[in-house]
Amino acid sequence: LDCCAGRLVGGQIQASTVGKNGPWQTIHQFNSENAFQWQEVNLPDAVYKAVRYVSPNGGYGNVAELEFYNGTIKLTGTVFDDGS
């Protein structure tokens, strides 16, 4: 919904090479130019053990859908909430 896409601005996709306890590296940040459209983000060449979305203040976690792929293979894993 266009009413809520602005809540994505400032949100980040972060990844960790260690695991769900970090340390975390921001690999993508949503801004006002890209928050209202479908996006595909190519990750840096690295082996990540965990990937997360961090909502901005006032974002309320409003994300319609996130999918992660390695090439054409959709990644699966364990969902976790680190309390951030």
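On a predicted model such as this, the values are computed, not experimentally measured, just so you know.

Chemist: What's the story with the nonpolar core in this structure? I'm lost.
Modeler: Soluble globular proteins tend to bury their nonpolar side chains together. In this structure, L8, I13, A15, I27, F30, Y48 and Y53 together form the largest nonpolar core, which totals seven residues. What F30 contacts, discounting residues up to four positions off in sequence, is L8, V9, G10, G11, Q12, I13, Q39 and Y53.

Chemist: Looking at this structure, how should I read the sheet that holds strand β2 (residues 25-29)?
Modeler: In spatial order, the strands read β2-β1-β3; together these three strands make up an open sheet with antiparallel pairing. Single-partner strands in this sheet number two, and they are β2 and β3 (50-54). Direction aside, the axes of adjacent strands within the sheet are offset by 25° on average. Inspection of the sheet shows strand β1 (residues 12-16) paired to β2 by four bridges, in the antiparallel sense. Each residue of the ladder has a partner; that of I13, found in β2, is H28.

Chemist: Help me understand the confidence of the model for the protein, please; the structure alone is not making it clear to me.
Modeler: Model confidence for the protein is summarised by a mean pLDDT of 80, while 86% of its residues fall at 70 or above. Strand β4 (residues 69-70) is the least confidently modelled element of the protein, averaging 80 in pLDDT, while β1 averages 92, the highest of any element.

Chemist: How should the packing of aromatic side chains be read in this particular structure?
Modeler: Aromatic ring pairs: the centre-centre distance and the angle between the two ring planes describe each pair. Taken as a whole and judged by the stated rule, the model has one aromatic pair. Ring centres 6.2 Å apart and planes at 65° place the aromatic pair F30 and Y53 in the edge-to-face group. Residue F30 is found in the loop between β2 and β3, and its partner Y53 is found in strand β3; the two are separated by 23 residues along the sequence. Of the two residues, F30 and Y53, both sit in the buried class.

Analysis parameters
- Residues numbered from 1 in each chain as written.
- Predicted model: local features only at pLDDT ≥ 70, side-chain atom pairs only at ≥ 80, totals over all residues.
- Heavy atoms only, no water.
- Core = buried A, V, L, I, M, F, W, Y, C linked by side-chain atoms within 4.5 Å.
- Buried < 20%, exposed > 50% of the residue type's maximum accessible area, 1.4 Å probe, protein only.
- Contact = heavy atoms within 4.5 Å.
- Pairing = 2+ DSSP bridges.
- Helix = DSSP H or I, 4+ residues; strand = E, 2+ residues; numbered from the N terminus.
- Axes fitted to C-alpha atoms, helices over the stretch in contact; angles between N-to-C directions.
- pLDDT = per-residue confidence, 0-100.
- Phe/Tyr/Trp six-rings, centres within 6.5 Å; stacked < 30°, edge-to-face > 60°.

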